[in-house]
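Report on the structure
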Amino acid sequence: MDSPSSALEQNIDLSKLSEKDKQELQQFIVNESQKARIQQSVHSLTDICWKKCVTGTIRSGKLDKNEETCAQNCVDRFLDANMTVIKHLDNMRNQS
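Below is a short write-up of the structure. (Residues numbered from 1 in each chain as written. Predicted model: local features only at pLDDT ≥ 70, side-chain atom pairs only at ≥ 80, totals over all residues. Heavy atoms only, no water.)

Remarks on the nonpolar core
Grouped together as the largest cluster of nonpolar side chains are 5 residues: Leu45, Cys49, Cys53, Ala71 and Cys74. Here this core takes 3 residues from helix H2 (residues 19–53), the largest share from any one element. Among residues more than four places away in sequence, those in contact with Cys74 are Leu45, Ile48, Cys49 and Cys53. (Core = buried A, V, L, I, M, F, W, Y, C linked by side-chain atoms within 4.5 Å. Buried < 20%, exposed > 50% of the residue type's maximum accessible area, 1.4 Å probe, protein only. Helix = DSSP H or I, 4+ residues; strand = E, 2+ residues; numbered from the N terminus. Contact = heavy atoms within 4.5 Å.)

Structure (structure tokens):
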């Protein structure tokens, strides 16, 4: 049985697209890929910080003060680490 994506691939002839349409399609794919990476990062961040910081049961619908501080610090360090990596990669790219 064909999957929906393979059936879709069989029905699309990219050679019939104009150059403008090909560029738009390529940009759309790049954008969707970036969205997926961002969503994965947010998921990872949530999972890591939750496991690290939420130690008890949430009874009042809020984190306790220590958990809230831990979660904020965890998010800050995650973002700092990601920015450091991005800057380093950008510097490497510019040196090439």
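Still more to cover.
Some remarks on helix H3 (residues 65–95)
Over its 31 residues, H3 extends 45 Å from the first C-alpha to the last, a length consistent with the 45 Å expected when each residue adds 1.5 Å. For H3, every residue scored as buried is listed here: Glu67, Ala71 and Cys74. Lining the buried residues of H3 we find H2. Of the residues flanking the start of H3, the one acting as N-cap is Asp64, its side-chain oxygen 3.0 Å from the backbone nitrogen of Asn66. (Expected span 1.5 Å × (residues − 1). Polar contact = N/O pair within 3.5 Å; in protein donor to acceptor, adjacent residues only side chain to side chain.)

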